[in-house]
Amino acid sequence: MDKVTRQRLGQNGFHVVELLVALAVVAIIGLIGYRVLGSQKADDGAAPNSRTTNGQEVTWAFNQDKLEWFAQTGTPAECADPFIFDQSPVDLSKLMAIGMPGAYRGYNYKPHGGMRLSDPNSGKIDIVMPTNATLVGLTRYYEGNPAELQYLLTFENDCGIAFRFDHLRTLTPAFQAIAETTPEPKKDDTRTGPNASFKRTKFKAGDRIATEIGFASTKNFGFDFGVYNYRQRNDISKNQAWANIHNQYQSQEWYGTCWIDHLPGTDAAKARELAFVVINPAKPNIISDYCAYAPHRTLDFNKGRPTDG
């Protein structure tokens, strides 16, 4: 009961009929609110989280009709602007190059980027939490020939910033214990829809997630990292020509960010340097639809469609 209602109850002129009318209005408003919330159509691939803001649970889902993320329950905290991680997810001095997010790799568009280790003989490196966040998705799957076990993890923080790691090879005990509760891994099956087999778990900035990454058999030692801002679409998605091409995975492609800009202090500058390192001389163009300082966008080539496999 709100303050105004309490005051009216204390007045001599507040009659029983008025009380019944007030209660009926409250009930109608509650019913309308419930129906409006229930009318939201969530994407099957949405991963609700279980964080709390001021004691109230917040869950996120993707509205496939409106093509936007929304807080399904609760009230999210405000994001800092610009949003900066507390620390980088990896020691940048151990990297040889960074792949910018928002570009094609082969025929597949990647809203995430990648990081490649400088040591060609070892995939051992600590992957850590860049900020406080909740683990909302964990998938283990097999990839490659010979097939190797890989882990894909998705986190969301308390203001609607999500980040995702892929191609982690060895998890720390805390994360491995959660992984053991998820479905058995399958070949090339990375689906990460809501998974009720483990309780959403909060972790702090600096907590170690993994100690090895990549593929040992082929000495391909890199991992994927992507960041998504549920609060607003990215700028490139407002380009109709681009949006017409990227019309299947909007929940990620339209909300991906240039995560290099989220890194703290001098790490952001170092990451920009690494992003301009050309790994394959046959493909020297530096492309990103999300990073403003990238010299090219995907729309600059083949009318925005992939050019090779």
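Above: the structure in question.
## Quick look at the state of the cysteines
Per the stated rule, a full pass over the model turns up two disulfides. There is a disulfide in this structure between cysteine 79 and cysteine 159, and the S-S distance comes to 2.1 Å. Judged by the sign of its S-S torsion, about 100°, the cystine formed by cysteine 79 and cysteine 159 is right-handed. With cysteine 79 in the loop between strand S3 (68-73) and strand S4 (95-99) and cysteine 159 in the loop between strand S10 (148-156) and strand S11 (161-171), this pair connects stretches of sequence that are 80 residues apart. Assessed through its relative accessible area of 2%, cysteine 159 is described here as buried. Paired by a disulfide, cysteine 258 and cysteine 291 hold their sulfur atoms 2.0 Å apart. Given an S-S torsion of about 95°, the disulfide between cysteine 258 and cysteine 291 has right-handed geometry. Highlighted residues: cysteine 258 in the loop between helix H5 (250-253) and helix H6 (265-275) and cysteine 291 in the segment after H6, separated in sequence by 33 residues. Since its relative accessible area comes to 0%, cysteine 291 is described here as buried. Across the chain, the disulfide pattern expressed with sequentially numbered bonded cysteines is 1-2, 3-4.

## Description of the nonpolar core
A general tendency of soluble globular proteins is for nonpolar side chains to be buried together. Ranked by internal contacts, the top residues of the largest apolar core, which has 62 residues, are Ile98, Leu153, Phe155 and Leu168. Considering each element in turn, this core owes the most residues, six residues, to S11. Residues within four places of leucine 153 in sequence aside, it is in contact with Leu135, Gly137, Leu138, Phe163, Arg164, Phe165, Leu168, Leu171, Phe175 and Ile209.

## A look at the side chain of aspartate 189
Structurally, the position occupied by aspartate 189 is in the loop between helix H3 (173-179) and strand S12 (201-203). Of the residues examined, aspartate 189 reaches a relative accessible area of 18% and is grouped as buried.

## Examining the environment of aspartate 261
Here aspartate 261 is to be found in the loop between H5 and H6. Owing to a relative accessible area of 34%, aspartate 261 belongs among the partly exposed residues under this scheme. C-alpha separation for the pair aspartate 261 and isoleucine 84, spaced 177 residues apart in sequence, amounts to 7.6 Å. Leaving out residues up to four positions away in the same chain, aspartate 261 has contacts with Phe83, Ile84, Arg272 and Tyr293. Within the structure, the side chain of aspartate 261 is placed 3.0 Å from the side chain of tyrosine 293, a separation counted as a polar contact.

## Considering H6
Taken as a whole, H6 has its buried residues at Ala268, Ala271, Leu274 and Ala275. The buried residues of H6 occupy one face: seen down the axis, they fall within an arc of 125°. In this structure, H6 carries Gly265, Thr266 and Glu273 as exposed residues pointing more than 90 degrees from its buried face. Buried residues in H6 make contact with S4.

## Comments concerning the layout of surface pockets
Put simply, the second largest pocket is a space of about 650 Å³. Tallied by class, the residues present in the lining of the second largest pocket amount to eleven nonpolar, six polar and nine charged.

## Points about the pattern of salt bridges
Close approach of charged atoms allows side chains of opposite charge to pair. Within the structure shown, the criterion is met by eight salt bridges. One salt bridge connects arginine 140 with glutamate 180, and the closest N-O pair in it is separated by 3.7 Å. Linking arginine 140 in strand S9 (residues 133-143) with glutamate 180 in the loop between H3 and S12, this pair joins segments that are 40 residues apart in sequence. Among the salt bridges present, the one from arginine 169 reaches glutamate 212, with a minimum N-O distance of 3.7 Å. A residue pair is termed long-range when its members are at least 10 positions apart, and arginine 169 in strand S11 and glutamate 212 in strand S13 (residues 208-213) qualify at 43 residues. Take arginine 169 and glutamate 212: they sit in the same class, and that class is buried. Connected via shared salt-bridge partners are Arg140, Glu180 and Glu184.

## Thoughts on unusual backbone geometry
Here the amide bond leading from aspartate 81 into proline 82 is cis, since omega sits at 5°, within 30 degrees of zero. Tracing the sequence through the fold places proline 82 in the loop between S3 and S4. The linkage connecting asparagine 145 with the following residue, proline 146, adopts the cis geometry, with an omega of 5°. The topology assignment puts proline 146 in the loop between S9 and S10. The phi dihedral of histidine 167 falls on the positive side, at around 70°, and the residue is not glycine. Looking at the element boundaries, histidine 167 is found in strand S11. On the accessibility criterion, histidine 167 (11% relative accessible area) is buried. One non-glycine residue, lysine 303, lies in positive phi territory at about 55°. Tracing the backbone through its elements, the reader meets lysine 303 in the segment after H6.

Reading the values: rules and limits
Sequence order sets the numbering: in each chain, residues are counted from 1 along the sequence as written. Local features in this predicted model are restricted to residues of pLDDT 70 or higher, and side-chain atom pairs are both shown and tallied only at a pLDDT of 80 or more, whereas totals for entire chains, interfaces and linings draw on every residue. Side-chain numbers come from the whole structure's heavy atoms, not from hydrogens or water. Any two cysteine sulfur atoms within 2.5 Å of one another count as a disulfide. Numbered from the N terminus, helices here are DSSP runs of H or I no shorter than four residues, and strands are runs of E no shorter than two. Using a 1.4 Å probe on the protein chains alone, a residue whose accessible area is under 20% of its type maximum counts as buried, one over 50% counts as exposed, and one in between counts as partly exposed. In these notes, a set of buried Ala, Val, Leu, Ile, Met, Phe, Trp, Tyr and Cys residues joined through side-chain atoms within 4.5 Å is what counts as a nonpolar core. By definition in these notes, contact holds between two residues if any of their heavy atoms fall within 4.5 Å. Think of a polar contact as two N or O atoms within 3.5 Å of one another; within protein, one of them needs to be a possible hydrogen donor and the other a possible acceptor, and neighboring residues in sequence only count if both atoms come from side chains. Relevant arc is that of directions from the helix axis to the C-beta atoms, nothing else. Only protein atoms enter the calculation, which uses a 1 Å grid: trapped sets of points that fit a 1.4 Å probe without letting it out are cavities, open sets showing protein on both sides within 12 Å along at least five of seven lines are pockets, and any residue with an atom within 4 Å of a point is a lining residue. Grid points are joined across faces, edges and corners, and a volume is the space filled by probe spheres set on the points. Amino acids outside the nonpolar list (Ala, Val, Leu, Ile, Met, Phe, Trp, Tyr, Cys, Pro) and the charged list (Asp, Glu, Lys, Arg) are all regarded as polar, and Gly is one of them. One speaks of a salt bridge when a side-chain nitrogen belonging to Lys or Arg is within 4 Å of a carboxyl oxygen belonging to Asp or Glu.

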